[in-house]
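# Fold and contact review
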Amino acid sequence: MVVVSDPRTGAAAPREDFLQTAAVPHNSRQEVERVRLGGSESCLQSVISFWVTFFFERSYYLNVLVGEMSLKHMTVVTSAVTKQRKRLKDEIAEVTNEIENLGLTEERKSMQRNRQMAIGRKKFNMDPKKGIHFLIDSSLLKNTSGDIGKFLYKGEGLNKTAIGDYLGERDDFNIEVLHAFLELHEFTDLNLVQALRQFLWSFRLPGEAQKIDRMMEAFAQRYCRCNPGVFQSTDTCYVLSFAVIMLNTSLHNPNVKDKPSVQRFTAMNRGINDGGDLPDELLRNLYDSIKNEPFKIPEDDGNDLTHTFFNPDREGWLLKLGGGRVKTWKRRWFILTDNCLYYFEFTTDKEPRGIIPLENLSIREVEDSKKPNCFELFIPDHKDQVIKACKTEADGRVVEGNHTFYRISAPTAEEKDEWINSIKAAISKDPFYEMLASRKKRVSSLKGL
C-alpha cells in the first residue's frame, strides 16, 4: 500500500483514502445551490475559493503519486479531473450568470409593479371601485380595509374628490375602509379646528349629504377616542364639527354678507353638550382660529388626470375604428404618455373617453379598404384575446373595452409613421409574459413531434 502525506493535516494516508479524498466533494452542489438561492457576491466568492483550494490539494496529491501510478492509472485520473474541472467551471459560470440576472429580474419586477400601480391610480381617479379592484387583482393591494385605507391615506397620485367619493359610500366594506383611514389620523391633543384641518385636507368632501354625514360621524368617533373627556359624547363633536364648517363658509364666502359674530356663534351652540353648554373659551378659540385662517380645501389641480397630460410623448387627431357590432370610424384626440394611449372626444375634455395600456401589445401597419394610413395595436400570438383597456360610456360608466385589436387611421402617411415610431418606443413588455409565450411555443412544437 502506498502511503502519502495529506497536505491539509500532515498525516499519513493510504492511497485508497487519497482517491476518496481527491473525489469531488459531496457538498459541492449544495454550495452552488446556496449561491443560487442566496444570490450574493460573497457566497460566489466562497465557492470559487473552495474550488481553488480543492484543485490545489488535488494537484499536490497527483504530483506525489506520479512515481507510484501506472500510465493507465494516471490517464484515468487525469481524464476524470479534467472532466470534473470543466463541469465545475460550467457550474460556476452558470451560477455567476444567474446572480447577475437576479438583480436584473428584480429591477424588471419593480418597473412592472410601478407601471401597474400608475395604471391603477388612473383607473381609481376615473372610477374608484374599479381602480381598487384592478389593484387587488394585480396583487398591488390586499383586499382588506386596512391596506386600502393606508393606500387612500397616502394618496399618492390620487384625485382627492375620488377619495372622498369612495370613503363616503354606504357599503359595509367602504365604511370599514373609512374607519381604517381615520385610524391613520392622529388627533390627540389637537383642538377640533386643527383636527378638522388635517382631516378635510386628506380628501375632498363629496356633495351628497348622506356621504358627508357618514364621514363626519366617523370623524367624531375618532376624535373623541383620541381626546377622551373633551366632549360628553360623539354627538356633541359631530354637531360642533358641522357648526365649524358652516362658520368657515359664512366668514369667508364673499357672497355671505351677514358675517356671524363670536357671540352669535357661541349662542348657536348652547346646550349641545348632552344638554349642557360647552366652555365659552373653547368656542371662542374655535371661532378665532377659523376667522384668522379658513380651511384649505383641496382643489385637485395637481393630482387629477389632467396633470398626466401636461407633457405627452405625442398628441393629435386620429380616426379610431369602433369595437361594436356596427364598425364606424370616429375622430378622437389621442395622447401618448406614460406607456398608455388615451383618447378624448374633444381637446378640452378633462377626462379621456378611453385608456389603452400599451403593455404586451405590438403595432403594425395595415391596409384598410375605407381609410388610408392605418395601423393596428394587437396582442401578438393571441389574435382572439381582448385587449385590456377601458372606456367611458355616454352615461358616465367606466367599462372594459371589447377590442381584440385597435385600428387607427392617421391624416397623412408621415403622421402614421411618426405615431408608429412613438408608440413602438413607448410599448413595454412583461418579461414573464414573454417567458410564458415562449414556453407555450415550445410545448406546441413538442406535441407536433
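Scroll up to find the structure.
The following refers to the structure shown. (Residues numbered from 1 in each chain as written. Predicted model: local features only at pLDDT ≥ 70, side-chain atom pairs only at ≥ 80, totals over all residues. Heavy atoms only, no water.)

Let us now look at the sheet that holds strand β8 (residues 374-378). Backbone hydrogen bonds are what pair the strands of a sheet, in a parallel or an antiparallel way. Strand order in the open sheet formed by nine strands is β7-β8-β11-β3-β4-β5-β6-β9-β10, and the pairing between neighbours is antiparallel. Where the open sheet ends on each side, the last strands, each with one partner, are β7 (362-366) and β10 (398-400). The sheet shows a mean angle of 30 degrees between the axes of neighbouring strands, taken without regard to direction. Running over the sheet, helix α15 (residues 413-426) touches β3 (314-321), β4 (329-337), β5 (340-344), β7 and β8 and is turned about 105 degrees from β3. (Pairing = 2+ DSSP bridges. Helix = DSSP H or I, 4+ residues; strand = E, 2+ residues; numbered from the N terminus. Axes fitted to C-alpha atoms, helices over the stretch in contact; angles between N-to-C directions. Contact = heavy atoms within 4.5 Å.)

This paragraph deals with the packing of aromatic side chains. As enumerated under the stated definition, the model contains 14 aromatic pairs in all. Between Phe199 and Phe203, the aromatic rings sit 4.8 Å apart at their centres with planes inclined by 65 degrees, giving edge-to-face as the arrangement. Residue classification places Phe199 among the buried positions, given a relative accessible area of 0%. Take Phe203: its relative accessible area is 0%, and that puts it in the buried class. The interplanar angle of 35 degrees and the centroid separation of 5.6 Å between the aromatic rings of Phe334 and Tyr343 together place this pair among those described as tilted. Taken as a pair, Phe334 and Tyr343 share a single burial class, namely buried. A network of ring pairs unites the aromatic residues Tyr153, Phe181, Phe187, Phe199, Phe203, Phe219, Tyr223 and Phe231 as a single cluster. Arg364 extends its terminal NZ or CZ atom over the ring of Phe378, reaching a point 3.8 Å from the ring centre. (Phe/Tyr/Trp six-rings, centres within 6.5 Å; stacked < 30°, edge-to-face > 60°. Buried < 20%, exposed > 50% of the residue type's maximum accessible area, 1.4 Å probe, protein only. Lys NZ or Arg CZ within 6 Å of the ring centre and 35° of its normal.)

Secondary-structure assignment places Asn125 in helix α4 (residues 71-126). At 3.2 Å, the side chain of Asn125 forms a polar contact with the backbone oxygen of Gly157. Separated by 2.7 Å, the side chain of Asn125 and the backbone nitrogen of Asn159 make a polar contact. (Polar contact = N/O pair within 3.5 Å; in protein donor to acceptor, adjacent residues only side chain to side chain.)

Here we come to the pairing of β8. Where burial is concerned, most of β8 is hidden: five out of the five residues are buried. Where β7 meets β8, five bridges bridge the pair, whose relative direction is antiparallel. By the bridge assignment, Ser362 is partnered in β8 with Phe378. Sheet topology note: the β8/strand β11 (residues 405-409) ladder contains five bridges and is antiparallel.

Once that is clear, we can look at the nonpolar core. Grouped together as the largest cluster of nonpolar side chains are 65 residues, with contacts concentrated most on Leu152, Leu192, Phe199, Phe219, Leu240 and Val244. Of the residues forming this core, the biggest block, nine residues, is contributed by helix α10 (residues 209-226). Counting 22 residues, the second largest nonpolar core, distinct from the first, contains Phe334, Leu336, Ile408 and Ile427. (Core = buried A, V, L, I, M, F, W, Y, C linked by side-chain atoms within 4.5 Å.)

Closest axis-to-axis distance for the helix α6 (residues 145-154)/helix α8 (residues 172-183) pair is 8 Å, and the angle between their directions is 60 degrees. It follows that α6 is oblique to α8 by the angle criterion. As α6 runs across α8, the sense of the crossing is right-handed. Along its contact with α6, which presents Ser145, Gly146, Ile148, Gly149, Leu152 and Tyr153, the element α8 presents Phe173, Glu176, Val177, Ala180 and Phe181. In terms of residue class, the contact of α6 with α8 is built from seven nonpolar, three polar and one charged. (Parallel < 35°, antiparallel > 145°, perpendicular 65-115°, else oblique. Left-handed = near helix turned anticlockwise from the far one by under 90°. Nonpolar A, V, L, I, M, F, W, Y, C, P; charged D, E, K, R; others polar.)

Counted by the stated rule, this structure contains 17 salt bridges. Between Arg222 and Glu186 there is a salt bridge whose closest N-O contact spans 3.9 Å. With Arg222 in helix α10 and Glu186 in the loop between α8 and α9 (192-201), the pair connects residues that are 36 residues apart, well separated along the chain. Its relative accessible area of 8% is what places Arg222 among the buried residues. Judged by relative accessible area, which is 44%, Glu186 ranks as partly exposed. Residue Glu376 is joined to Arg364 by a salt bridge in which the shortest nitrogen-to-oxygen separation is 3.0 Å. With Glu376 in strand β8 and Arg364 in strand β7, the pair connects residues that are 12 residues apart, well separated along the chain. Since its relative accessible area comes to 3%, Glu376 is described here as buried. A single salt-bridge network, built from bridges that share partners, covers Glu183, Glu186, Arg222 and Arg225. (Salt bridge = Lys/Arg side-chain N within 4 Å of Asp/Glu carboxyl O.)

Looking now at the environment of Asn339. By the secondary structure assignment, Asn339 is in the loop between β4 and β5. Looking at Asn339, the relative accessible area reads 25%, which means it is partly exposed. Placed 19 residues apart in sequence, Asn339 and Leu358 show a C-alpha to C-alpha distance of 5.7 Å.

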